[in-house]
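Letter by letter, the chains look like this.
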Amino acid sequence: MSTKQRSSGLDIIRTLAVLFVMTTHAIAYLGPMEVGVHSLKWTVYLFIRFTAISSVPLFILLTGYLNRKKQLTRGYFRGILPVIISYIVIAALSVLYTNHIGQTNSDLFWGIRSVFDFSAHGYAWYVEMYIGLFLLIPFLNILFQALGTFRKRMVLCIILCFMTNLPAAVESFRISGASLDIIPEYWEAMYPLSYYFIGSMIGEYQPKIKKAVSIPLAATAILIPVGLCWLYSSPEVGYAWYMMNGFSCITTGAMAATIFLVFYDVDLPKPLAFIFREFSVCSFEMYLFSYIADLWLYSRTRYFMPAMVLTVFALSYVMARILRLAVSPLYKLIKGDRKKAQTEIHTEKSN
């Protein structure tokens, strides 16, 4: 696909999402939130952290935006094969590396099993989630299309957000040390459905919001959880990690949605568009390779956190690009099979 045929805005969002993932991991490795509570440096990192946890919601919003038209065909499920192939290769490399550095000491059977039970790779939980979401997408789209009107689709999104995103926000507030568990949290783990349908809504209706409005909205969505966490933290009790925390929290979803609206319709000049396209195409593999890059870098050195994040980003991109070059013939074969299957489906319908 050429640069002209791609959306520069979506490539920007995907690149930001990868950077945000690496930033959240850097904060976890370096622990800047545990010291200097309420200092200027701590407050800056607090803002960075709350911006960065929008990473996973951004990825899922993109999935909804781009896949809302996918249908249940014989060729559809082949689309998961590149994801599985990339995961297996990178997970196997992770096993070899963790064995090399002595973090694990596994035999061949354990190594193979760990790849397939997703324990070989420290960030593989996202792959588990994405495979399940991918399998549901055609059926989610049937529901979305059957609702028909903006109002009905919006009601679905509101109900899902109430069920999956509101509990984490309410639980953040505490009385006498106990959280307010007054909204059932049973459905909280299904937050990817909320983000998928919100992404579908944006893709379907293409809301045009002026940057003079969308940028302040995004900043406000970030500042609300930052301000609450700052108020609930103190030098005596430390960082209030529970305040508006996690991918499922409604404030995180609001941040992701507003960031998405800022960038999704942005057009870039060709040189910049090409750069973001490069990162975007490799984003999934970069995410997975960042696990190996993190293990290698953070076990050896400590320096300015943004520079460390960019180092991991660069290392992950190089490894991802090499892998994609190596397996590109296989990906093209799979893509060709999908096109052939889709052609057969259209031929059968026309007959």
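The residue count restarts for each chain, going from 1 along the sequence in the order it is written. Reporting in this predicted model follows two pLDDT cut-offs: at least 70 for local features of residues, and 80 or more for side-chain atom pairs to be given and counted; totals over whole chains, interfaces and linings ignore these cut-offs and use all residues. As a convention, hydrogens and water are excluded, and side-chain values are obtained from all of the structure's heavy atoms.

*Asks:* Pulling in residues and values, what's your account of the overall build of the chain?
*Replies:* Secondary structure assignment for the chain yields 14 helices and 2 strands. It is over C-alpha atoms that the radius of gyration is taken, and the globule rule equals 2.2 Å times the number of residues to the power 0.38. Relative to the 2.2 N^0.38 estimate, which gives 20 Å for 351 residues, the radius of gyration of the chain is 21 Å and therefore close to what a compact globule would have. With respect to the principal axes defined by its C-alpha atoms, the chain has extents near 75 × 55 × 45 Å. Of all 351 residues assigned to the chain, the portion counted as buried reaches 48%. Contacts are assigned to residue pairs that have any heavy atoms within 4.5 Å of one another. Considering only contacts in the chain between residues 6 or more positions apart, those separated by 24 or more positions represent 82%. Just so you have it, the chain exposes about 17500 Å², and 68% of that area is on carbon and sulfur atoms. Averaging the positions of the 30 positive and the 19 negative side-chain charges in the chain gives two centres separated by 11 Å. Under the scheme used here, helices are H or I runs from DSSP no shorter than 4 residues and strands are E runs no shorter than 2 residues, and both carry numbers assigned from the N terminus. Each residue gets one of three labels from its accessible area relative to the maximum for its type: buried under 20%, exposed over 50%, partly exposed in between, using a 1.4 Å probe on protein chains only. Surface exposure here means Shrake-Rupley accessible area, sampled with a 1.4 Å probe, where a residue is shielded only by the protein chains that are shown. We count Lys and Arg on the positive side and Asp and Glu on the negative side, and we leave His and both chain ends out. For the purpose of locating charges, the reference atoms are NZ of Lys, CZ of Arg, CG of Asp and CD of Glu.

*Asks:* Give a detailed account of the packing of helix α1 (residues 8-30) against helix α13 (residues 283-298), specifying residues and quantitative values.
*Replies:* Two elements in contact, α1 and α13, have axes whose closest approach is 10 Å; the angle formed by their N-to-C orientations is 25 degrees. Taken as axis vectors, α1 and α13 run roughly parallel relative to one another. Judged by the twist between their axes, the crossing of α1 over α13 is right-handed. The residues of α13 that touch α1, namely those facing R14, V18, V21, M22, H25, A26, Y29 and L30, are S283, M286, Y287, S290, D294, L295 and Y298. Any residue that is not Ala, Val, Leu, Ile, Met, Phe, Trp, Tyr, Cys, Pro, Asp, Glu, Lys or Arg is counted as polar, Gly included; the first ten are nonpolar and the last four charged. Looking at the contact of α1 with α13 residue by residue, the class counts come to 10 nonpolar, 3 polar and 2 charged. Helix axes are fitted to C-alpha atoms over the stretch in contact, other axes to C-alpha atoms as well, and angles between N-to-C directions run from 0 to 180 degrees. Each angle gets one of four labels, with under 35 degrees taken as roughly parallel, over 145 as roughly antiparallel, 65 to 115 as roughly perpendicular, and the rest as oblique. When the near helix sits turned anticlockwise from the far one by under a right angle, the crossing is termed left-handed; a clockwise turn instead gives a right-handed crossing.

*Asks:* Tell me about the nonpolar core, residues and numbers included.
*Replies:* Ranked by size, the top nonpolar core spans 102 residues in total, and within it F50, L58 and F260 carry the most contacts. Apart from the residues lying within four places of it in its own chain, the contact partners of F50 are P225, V226, C229, Y239, M243, M244 and M255. For the purposes of this section, nonpolar cores are sets of buried Ala, Val, Leu, Ile, Met, Phe, Trp, Tyr and Cys residues that join through side-chain atoms within 4.5 Å.

*Asks:* Requested: an account of the confidence of the model for the chain, with residues and values cited.
*Replies:* The pLDDT value tells you how sure the predictor is about a given residue, anywhere from 0 up to 100. A residue-level look at the chain finds 93% of positions with pLDDT of 70 or above and a mean pLDDT of 90. In the model, residues 341-351 has pLDDT below 50 throughout and makes 7 contacts with residues more than four positions away in sequence or in other chains.

*Asks:* Describe a nonpolar patch on the surface, with residues and values.
*Replies:* Patch membership requires over 30% relative accessible area and the absence of a salt bridge. Like charges are linked within 9 Å, and nonpolar side chains (Val, Leu, Ile, Met, Phe, Trp, Tyr) within 5 Å. A pair is scored as a salt bridge if a Lys or Arg side-chain nitrogen falls within 4 Å of a carboxyl oxygen belonging to Asp or Glu. A contiguous nonpolar patch, built from L72, F77, L135, L136, F139 and I142 and spanning about 540 Å² of accessible area, is present on the exposed surface. With respect to the element layout, F77 can be found in the loop between α3 (55-67) and α4 (81-100).

*Asks:* Got a sec to walk through helix α7 (residues 150-164)? Specific residues and values, please.
*Replies:* One fewer than the residue count of a helix, multiplied by 1.5 Å, yields its expected span. Here α7 spans 21 Å end to end across 15 residues, near enough to the 21 Å set by a 1.5 Å rise per residue. Those residues of α7 that sit buried are R153, L156, C157, L160, C161 and T164. Burial along α7 is one-sided: seen end-on, the buried residues are contained in an arc of 130 degrees. Exposed side of α7, more than 90 degrees from the buried face: R151, K152 and I158 are the residues found there. Buried residues in α7 make contact with α6 (125-147), α8 (166-171) and α9 (191-205). Think of it as the arc spanned by the lines of direction from the helix axis to the C-beta atoms.

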